[in-house]
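# Tertiary structure, described
Chain by chain, the residues:
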Amino acid sequence: MAEKWYRTTGRDSDVVISTRVRLARNLKGLPFPRLMSDEQRQKLNMQVKDAVKSSRELSSMDYLELANVPKNELISMVERHIISPDFARDPKGRALLLSPDESISIMIGEEDHLRIQVMKAGLSLDEAWSIADKTDSVLSSKLDYAFSEKLGFLTACPTNLGTAMRASVMIHLPASEKDGSLRRISESISKLGLVIRGMYGEGSGSKAAIYQLSNQETLGVCEKDTLKKLEGIIAQILKIERSGRERFLSSEEVEDSVWRALGILKTARRLSGDEFCSLFSAIRLAVASGRITDISLDRLSELFVNAQPATLMCIEKRDMTAAQRDSVRAAMVRNALN
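Below, the structure is looked at part by part. (Residues numbered from 1 in each chain as written. Predicted model: local features only at pLDDT ≥ 70, side-chain atom pairs only at ≥ 80, totals over all residues. Heavy atoms only, no water.)

Looking now at the sheet that holds strand β4 (residues 104-108). Spatially, β2-β3-β4-β5-β1-β8-β10-β9 is the arrangement adopted by the 8 strands of the open sheet, whose pairing is antiparallel. Because the sheet does not close on itself, it has two edges, and the strands there are β2 (62-65) and β9 (194-197). Taken over all neighbouring pairs, the strand axes of this sheet differ in orientation by 20° on average, direction set aside. By the bridge criterion, 8 bridges tie strand β1 (residues 16-25) to strand β5 (residues 114-121) in an arrangement that is antiparallel. Within β5, the position partnered with T19 by the bridge is K120. (Pairing = 2+ DSSP bridges. Helix = DSSP H or I, 4+ residues; strand = E, 2+ residues; numbered from the N terminus. Axes fitted to C-alpha atoms, helices over the stretch in contact; angles between N-to-C directions.)

The next subject is the pattern of salt bridges. In this structure the tally under the stated criterion is 24 salt bridges. Between K229 and E217 there is a salt bridge, with the nearest N and O atoms lying 3.4 Å from each other. A residue pair is termed long-range when its members are at least 10 positions apart, and K229 in helix α7 (residues 223-249) and E217 in the loop between β10 (210-215) and α7 qualify at 12 residues. Judged by its relative accessible area of 34%, K229 is partly exposed. On the basis of relative accessible area, E217 is assigned to the partly exposed category, the value being 38%. Within the structure, one salt-bridge network assembled from shared partners comprises R11, D12, D14, E231 and R242. (Salt bridge = Lys/Arg side-chain N within 4 Å of Asp/Glu carboxyl O. Buried < 20%, exposed > 50% of the residue type's maximum accessible area, 1.4 Å probe, protein only.)

Right, let's talk about the nonpolar core for a bit. Among the nonpolar cores identified, the biggest contains 52 residues, and I106, I108, L139, I171 and L213 are the most heavily contacted of them. Apart from residues no more than four positions distant in its own chain, I108 is found in contact with L44, N45, V48, Y63, F87, R94, A95, L97, H113 and L114. Core analysis: the second largest hydrophobic core is formed by 37 residues, M170, I210, V254 and A286 among them. (Core = buried A, V, L, I, M, F, W, Y, C linked by side-chain atoms within 4.5 Å. Contact = heavy atoms within 4.5 Å.)

Glancing now at the packing of aromatic side chains. Considering all chains together, one arrives at 6 aromatic pairs under this definition. With a centroid separation of 5.7 Å and an interplanar angle of 40°, the aromatic rings of F276 and F280 are classed as tilted. Here the residue F276 and the residue F280 both occupy positions in helix α9 (residues 273-288), the gap between them amounting to 4 residues, near one helical turn. Of the residues examined, F280 reaches a relative accessible area of 4% and is grouped as buried. (Phe/Tyr/Trp six-rings, centres within 6.5 Å; stacked < 30°, edge-to-face > 60°.)

The next thing to look at is the pairing of β5. Taken across its 8 residues, β5 has 8 buried, putting it largely inside the fold. Side chains of β5 alternate between two faces, with L114, I116, V118 and K120 and R115, Q117, M119 and A121 buried alike. One ladder, built from 5 bridges, connects β4 with β5; its direction is antiparallel. Across the sheet, the residue bridging to S105 is Q117, located in β5. In this structure, the hairpin formed by β4 and β5 is closed by a connection of 5 residues, where G109 is found at a positive phi of approximately 90°.

Right, dumping it as structure tokens:
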């Protein structure tokens, strides 16, 4: 079985959890998804499925009709960043193509006909872009994209016109969040066409001091320039966060709170999702900074995904009340950290 991408770590993983590159594409001759009939949706699904299955590079991807996927599994895919929250909310007529390691997903019938997404651990903008570009090239050789010489790729939302590429990095910023640097960073990068959002993107809040940094400009720019700008801003954020961590962890009060968090996680019999996220952030900071050496970042990455409510129920293969999840989550965390 292929190793899931979120069970690994990559470059600069002390701060950068993951990288995502997403491309929006639409086909000629079909209305945008919000205006499509059931028959048109089915036609779209079959066209994309056939294009993928007939290609040597993508033929191993699984095809899933969302209406046939249990609700907990749909929400778990959101927790694992495979699909968007909006895609899971209305599964009728929608489909998904997913690689065995879950690093490549193609959402069919979300806001646009296609959302091609590549996820990689750590800071991997060039690698994620390369894979997304190759996947896009395979599909474009078999499908007729809607494209304008003036506006670029045509999309349902005008803010995606042009390259229709959104590149983002998921970053852990506990020190910047605590000392106020995050607010200043957010104000500065907004002037450069970038934005910081919550863990699940637009409209979501932060959990465990985890944020997404992504580009906003897609029209009048090229993909490589966008990635270069994003890489440069990330380098500055890494410097600010790492400097803040040194000051943050030099405090005896903070050091005490880290070891208390570890003690709770190793012994608790009940852990709510919010409490787990708060304690997880402290432990990840200590592991990334070398204060705790017997726990690895890749183990923490996998634990964070598995401890989310819907994913937890999928692992247990049963529905659970919040109280039951709290007990199972605590047992899972104890087993992982002891």
